Amino acid sequence: MAGREKKLMTVAVIAAGGTGTRMSSAVPKQFLVLAGKPILLHTVSGIAALEEIIQIVIALPVEHIPEAQSILQRQSFPIDVQCVPGGSSRQESVSLGVAQARPDADIIMVHDAVRPICDRDMIRRVLNAAWEHGAAVPGLPATETIQRASSSGHVLPTPPREELYAIQTPQAFHAGVLRSALKQAEEAGFLGTDESSVVRWAGHPVMVVPGSQDNIKITRPLDLELAELLISKRSEEGNRAGMNESRIGQGIDYHRLVEGRKLILGGVEIPFEKGLEGHSDADVLAHAVCDALLGAAAMGDIGRHFPDTDPSNRGRSSLEFLREVRSKVESEGWTLRNVDATLLVQRPRIAPHVLAMKQNIAQSLGIAISDVNIKATTTEGMNAEGRGEGISAQAVALLVKREIK
Ligand code: MG
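Residues numbered from 1 in each chain as written. Predicted model: local features only at pLDDT ≥ 70, side-chain atom pairs only at ≥ 80, totals over all residues. Heavy atoms only, no water.

**Thoughts on the pairing of strand E11 (residues 246-258)**
Defined as follows: Strand pairing is defined by DSSP finding a minimum of two bridges between the two strands. Numbering of helices and strands runs from the N terminus, with a helix taken as a DSSP run of H or I at least four residues long and a strand as a DSSP run of E at least two residues long.
Pairing of E11 with strand E17 (residues 390-401) involves 11 bridges; the strand directions are antiparallel. Directly across from His255, in E17, lies its bridge partner Ile391. Relative to strand E14 (residues 275-276), E11 runs antiparallel, the two sharing 2 bridges. Its bridge partner being in E14, Val258 is matched across the sheet by Gly275.

In structure tokens, the structure reads:
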């Protein structure tokens, strides 16, 4: 649609109710490993990468929730991703997921957990058509002759092929259209084959837009092999096209050790006879990390964003600086991938506090603890740090563009 400027606030509901009977596998299909990570994680991270997506709700059998949560923790997402217990049918599961969707959603998009290779362009086609028409689904024109047959096995009149499509997901709807159709269906006891059939049953037209051949549904072992091939093909293409999608930044900071100040490092108050001198809480580690992020985003340095001359920065916790730097960097379209930092400090011993520092920094930056590394070294008595005159910190951070153009 030409000239559409509005960013569609979209909630994705992922139906992950399958038990994997056709896979003859004890592991539910959505947890099977594909190209090194569980199918569910491929699906969720593919969707979360679209800037239209404001929330992801995964509906799945209650007994699978702990495993799904532990899988999702392997990656950090810039949006809310939650699991809800599903119902006894797909439709009921989707309804329970829709019930958790943010009320400010323009569009609710329903997707299968086991379609991990979802093309951004295709998702956008579906979202735009849904916004324009109220409801849209991706479909592939039928290539083989589809034949109807009676229960006795007799062939019925052949439907015209140009009217036949293999329908995929994601299917997208005006939030209000889907909510009211699901409610009507529940009241009437109508069970559709998919969400679009429910919406159509409730009287809303549904548009078909071109789907994607790669958007396969993983139901049989052979599908898994095909998906591996498709993913490796894509990552090769991505590597060729994606040289400018990630950026690295570095930060260095020094503060003097003085009497009468608390020693705060990585947001942790460390018992010591001296503390770092500075305008804020002088958390040298947090400052170096801030500079690494700002550096990667080419947004200057901490002094420019939080000047010493601004009295409102006096005594502030530097974890707040980290949170603000994160949102500044994210507003430029970047997502933080990882941080690695080193403290240069002769005394006190840092090791007992490293875990708490990592937790503080990971939480302030909205990334997993496993994406934060903190090291400490003495300088063997050399330099100002070695003489106990101060503490310094160095950090690097890697940013990735949230959206691959
Ligand atoms: Mg500083």
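**Remarks on the coordination of the magnesium ion**
Worth spelling out the cut-off: Distances decide who is a donor: an N, O or S atom must be within 2.8 Å of the metal, or within 3.2 Å for Na, K and Ca. Water is not included, so sites may look incomplete. Throughout this description, buried means an accessible area under 20% of the type-specific maximum (1.4 Å probe, protein chains only), exposed means over 50%, and partly exposed covers the range between.
The protein atoms that coordinate the magnesium ion are Asp253 (OD), His255 (NE2) and His287 (ND1), at distances of 2.1 to 2.2 Å. Donor residues for the magnesium ion, ordered by position in the chain, follow D-x1-H-x31-H. Taken as a pair, Asp253 in strand E11 and His287 in helix H8 (residues 284-296) lie far apart in primary sequence, 34 residues in all. Across the pair, exposure class does not vary: Asp253 and His287 are buried alike.

**Quick word on the pattern of salt bridges**
Selection criterion: A carboxyl oxygen of Asp or Glu within 4 Å of a side-chain nitrogen of Lys or Arg is what we treat as a salt bridge.
Tallied over the entire structure, the rule returns 15 salt bridges. In this structure, Arg124 engages Glu52 in a salt bridge whose closest nitrogen and oxygen atoms are separated by 2.5 Å. With a gap of 72 residues between them, Arg124 in helix H4 (residues 120-133) and Glu52 in the loop between helix H1 (39-48) and strand E4 (53-60) connect regions that are remote in the sequence. We note that Arg124, like Glu52, is buried. For the salt bridge of Asp371 with Arg337, the shortest nitrogen-to-oxygen distance reads 3.2 Å. Placement of Asp371 in the loop between helix H11 (354-365) and strand E16 (372-377) and of Arg337 in strand E15 (residues 334-344) is noted, with a sequence separation of 34 residues between them. When its relative accessible area of 12% is taken as the criterion, Asp371 is described as buried. The exposure class assigned to Arg337 is partly exposed, which follows from its relative accessible area of 41%.

**Observations concerning the sheet that holds E11**
What counts is decided by this rule: Contacts between residues were defined by any pair of non-hydrogen atoms, one from each residue, lying within 4.5 Å. Helix axes are fitted to C-alpha atoms over the stretch in contact, other axes to C-alpha atoms as well, and angles between N-to-C directions run from 0 to 180 degrees.
With respect to topology, 5 strands assemble into an open sheet ordered E14-E11-E17-E15-E16, the strand pairing being mixed. Each having just a single partner strand, E14 and E16 make up the two edges of the open sheet. As defined by bridge partners, E15 adjoins E16 across 6 bridges and the pair is classed as parallel. Bridge pairing links Leu344 to Thr377 in E16. Against the sheet, H8 contacts E11, E14, E15, E16 and E17, and its axis sits at roughly 155° relative to E11.

**A closer look at the packing of H8 against helix H10 (residues 318-331)**
The condition that has to hold: Any angle from 65 to 115 degrees is called roughly perpendicular, while one under 35 is roughly parallel, one over 145 is roughly antiparallel, and all others are oblique. Three classes are used, and their members are as follows: Ala, Val, Leu, Ile, Met, Phe, Trp, Tyr, Cys and Pro are nonpolar, Asp, Glu, Lys and Arg are charged, and the others, Gly among them, are polar.
Interaxial distance between H8 and H10 falls to 9 Å at its minimum, and their mutual angle equals 10°. In this view, H8 runs roughly parallel relative to H10, as classed from their interaxial angle. Contact residues: Ala286, His287, Val289, Cys290, Leu293 and Leu294 in H8; Ser318, Phe321, Leu322, Val325, Arg326 and Val329 in H10. Classifying every residue of the contact of H8 with H10 by side-chain character gives 9 nonpolar, 2 polar and 1 charged.

**Some details on unusual backbone geometry**
The omega torsion across Thr169 and Pro170 is 10°, close enough to zero to call that bond cis. One can find Pro170 in the loop between strand E8 (165-167) and strand E9 (171-174). Each neighbour pair has its own omega, and for Arg347 with Pro348 the value is 0°, a cis peptide bond. The residue Pro348 is located in the loop between E15 and H11 in this model.

**A word on a nonpolar patch on the surface**
To keep it simple, the criterion reads: Think of a patch as exposed residues, more than 30% relative accessible area, with no salt bridge, where like charges cluster within 9 Å and nonpolar side chains (Val, Leu, Ile, Met, Phe, Trp, Tyr) cluster within 5 Å. The Shrake-Rupley method, run with a 1.4 Å probe sphere, supplies the accessible areas, and residue values consider only the shown protein chains as cover.
A cluster of nonpolar residues, Tyr165, Ile167 and Val208, forms a patch on the protein surface that exposes about 240 Å² of accessible area. Within the secondary structure, Tyr165 is located in strand E8. Relative accessible area serves as the criterion here: at 41%, Tyr165 is assigned to the partly exposed category.

**Observations regarding the domain arrangement of the chain**
Put simply, the rule is: Note that the domain bounds were set by an automatic or database domain assignment.
Each domain of the chain was delimited in the assignment, giving domain 1 (10-144 + 158-241) and domain 2 (245-401). For domain 1 versus domain 2, the separation of C-alpha centres amounts to 40 Å.

**Description of H10**
Put simply, the rule is: Working rule for helices: expected span equals 1.5 Å times residues minus one. By construction, the arc corresponds to the directions joining the helix axis to the C-beta atoms.
Here H10 contains 14 residues, and its C-alpha end-to-end distance of 20 Å stays within 8% of the 20 Å for a straight helix at 1.5 Å per residue. When H10 is considered as a whole, its buried residues turn out to be Ser318, Leu319, Phe321, Leu322, Val325 and Val329. With its buried residues spanning 145° around the axis, H10 presents them on a single face. Gly333 occupies a position one or two residues after H10 and carries a positive phi of about 95°.

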